[in-house]
Amino acid sequence: LTRSRSAVRMAMERTYIMIKPDGVQRGLVGEIIKRFEQRGYKLGALKLYQANEDLLRKHYGDLQEKPFFPGLLKYMTSGPVTCMVWEGENVVRMGRQMLGETNPQASAPGTIRGDFSIVVGRNICHGSDSVASAEKEIKLWFDDNEVLAWKDHSHAWVYE
Ligand code: UDP
Ligand code: MG
């Protein structure tokens, strides 16, 4: 086998993960951070934040016409959210997998939604659905100087 490892290596990506107001209220912030941290992903940004309608209309732009949208706005502005950037190989898709399905009842046990939630309107977390939306969402929720580049001493132990 002469093919170099770098030829098959997945791209390093960033994703936007957000703990929704129910996740914050229920004391799940540490648990959710822990899962990303212990898997080996690298934290790029983190803050507790009170979202407003204007920001959420931008974040959920594609859902504005849905019947659940007014309820979604009310839910998402009902208390602080926890905004995060996580970095690593294939983290956009892996992050969605760790969250589970949009509907918690379709989420496998072991996923965040499958372990901690029951209904779609209180599904405790958000994760970007593509690299393009991740980059858009990171720009929307964070100022440039809030997202840090730093040397992770675990890198050589997490990646081959
Ligand atoms: N949502 C809802 N009812 C629905 C579908 C979605 O309340 O029937 C909410 C739910 O909180 C979901 C969010 O709207 O997480 C965004 O929906 P999307 O389809 O983007 O799901 P996600 O990407 O969060 O899995
Ligand atoms: Mg979505």
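Residues numbered from 1 in each chain as written. Chains lettered and ligands numbered in written order. Predicted model: local features only at pLDDT ≥ 70, side-chain atom pairs only at ≥ 80, totals over all residues. Heavy atoms only, no water.

Formally: UniProt positions are given in the numbering used here, feature names are shortened, and annotations may be inferred rather than shown by experiment.
An unreviewed UniProt entry lists the protein under the name Nucleoside diphosphate kinase, from Chrysochromulina tobinii. Under the Cofactor (unreviewed entry) heading, UniProt states for the protein: "Mg(2+)". As recorded by UniProt, the Catalytic activity (unreviewed entry) comment attached to the protein reads in full: "a 2'-deoxyribonucleoside 5'-diphosphate + ATP = a 2'-deoxyribonucleoside 5'-triphosphate + ADP".

Considering helix H5 (residues 69-76)
Inclusion rule: Accessible area is worked out with a 1.4 Å probe on protein chains only. A residue is then buried under 20% of its type maximum, exposed over 50%, and partly exposed in between. Comment: elements are numbered from the N terminus, with helices defined as DSSP H or I runs of at least four residues and strands as E runs of at least two. This arc is built from the directions going out from the helix axis to the C-beta atoms. Any two residues having at least one pair of non-hydrogen atoms within 4.5 Å are treated as being in contact.
Those residues of H5 not exposed but buried are Phe 69, Leu 72, Leu 73, Tyr 75 and Met 76. End-on, the buried residues of H5 take up no more than an arc of 165 degrees, which puts them together on one face. Across from the buried face of H5, at angles greater than 90 degrees, the exposed residues are Pro 70 and Lys 74. Those residues of H5 that are buried lie in contact with strand E1 (12-19), helix H2 (21-25), helix H4 (53-59) and strand E3 (81-89).

Section: the site of ligand 1
We apply this condition: If a single non-hydrogen atom of a residue is within 4 Å of a molecule or strand, that residue counts as near it. Polar contacts here mean pairs of N or O atoms no more than 3.5 Å apart (in protein, one a potential hydrogen donor and the other a potential acceptor; neighbouring residues in sequence count only if both atoms are side-chain atoms). Per-residue and other accessible areas were derived by the Shrake-Rupley procedure at a 1.4 Å probe size, with only the shown protein chains allowed to occlude residues. Residues were grouped as follows: Ala, Val, Leu, Ile, Met, Phe, Trp, Tyr, Cys and Pro as nonpolar; Asp, Glu, Lys and Arg as charged; and all remaining residues, including Gly, as polar.
Neighbouring ligand 1 are the residues Lys 20, Tyr 60, Leu 63, Phe 68, Leu 72, Arg 96, Thr 102, Arg 113, Val 120, Gly 121 and Asn 123. In this structure, Thr 102 approaches ligand 1 through a side-chain N or O atom, which is 2.5 Å from an oxygen atom. Protein chains shield 77% of the accessible area of ligand 1, which is 500 Å² for the free molecule. Here the residues of the shell around ligand 1 sort into five nonpolar, three polar and three charged.

Some thoughts on the UniProt feature "active site" (unreviewed entry) in the protein
The UniProt feature table records "active site" (unreviewed entry) at His 126. Position of His 126 among the secondary structure elements: in strand E4 (residues 125-127). Judged by its relative accessible area of 9%, His 126 is buried.

Thoughts on the packing of aromatic side chains
For any two aromatic rings, the description comes down to two numbers: the centre-to-centre distance and the angle of the planes. Note the cut-off: Between 30 and 60 degrees the pair is tilted, below 30 it is stacked and above 60 it is edge-to-face, where a pair is any two Phe, Tyr or Trp rings, Trp via its six-membered ring, whose centres lie within 6.5 Å. Two conditions define a charge sitting above a ring: the NZ of Lys or the CZ of Arg must be within 6 Å of the ring centre, and it must be within 35 degrees of the ring normal.
Per the counting criterion, the structure on display carries four aromatic pairs. Taken together, a centroid distance of 5.6 Å and an interplanar angle of 25 degrees make the contact between Phe 36 and Trp 86 stacked. Residue Phe 36 is located in helix H3 (residues 29-39), and its partner Trp 86 is located in strand E3; the two are separated by 50 residues in the primary sequence. Among the residues examined, Phe 36 registers a relative accessible area of 0% and is labelled buried. For Trp 86, a relative accessible area of 1% translates into the label buried. Linked through ring pairs, Tyr 16, Tyr 49, Trp 141 and Phe 142 together constitute an aromatic cluster. The ring of Trp 150 is capped by Lys 42, whose NZ or CZ atom sits 5.4 Å from the centre of that ring. One cation-aromatic arrangement involves Lys 47 over Tyr 49; the distance from NZ or CZ to the ring centre is 4.5 Å.

Observations regarding the pairing of E1
Inclusion rule: Note: two strands are recorded as paired if DSSP finds a minimum of 2 bridges between them.
Most of E1 sits inside the fold, with six of its eight residues counted as buried. Inspection of the sheet shows E1 paired to E3 by eight bridges, in the antiparallel sense. Note that in E3 the partner of Ile 17 across the bridge is Met 84.

Here we look at the side chain of Arg 113
So the rule is basically this: When charges are counted, Lys and Arg are positive and Asp and Glu negative, with His and the chain ends excluded. For salt bridges, the criterion is a side-chain nitrogen of Lys or Arg within 4 Å of an Asp or Glu carboxyl oxygen.
One can find Arg 113 in helix H7 (residues 112-116). In this structure Arg 113 is buried but unpaired, with Glu 101 as the nearest side chain of opposite charge at 7.2 Å. Beyond its immediate sequence surroundings of up to four residues, Arg 113 is in contact with Lys 20, Leu 99, Gly 100, Glu 101, Thr 102, Pro 104, Ser 107, Asn 123, Cys 125 and His 126.

Observations concerning the state of the cysteines
Using the following cut-off: We call a pair of cysteine sulfur atoms a disulfide when they lie within 2.5 Å.
Evaluation of the coordinates by the stated rule reveals zero disulfides. Unpaired in terms of disulfides, Cys 83 finds its nearest cysteine sulfur in Cys 125, a separation of 13 Å. You can call Cys 83 buried: its relative accessible area is 0%. Its relative accessible area of 0% is what places Cys 125 among the buried residues.

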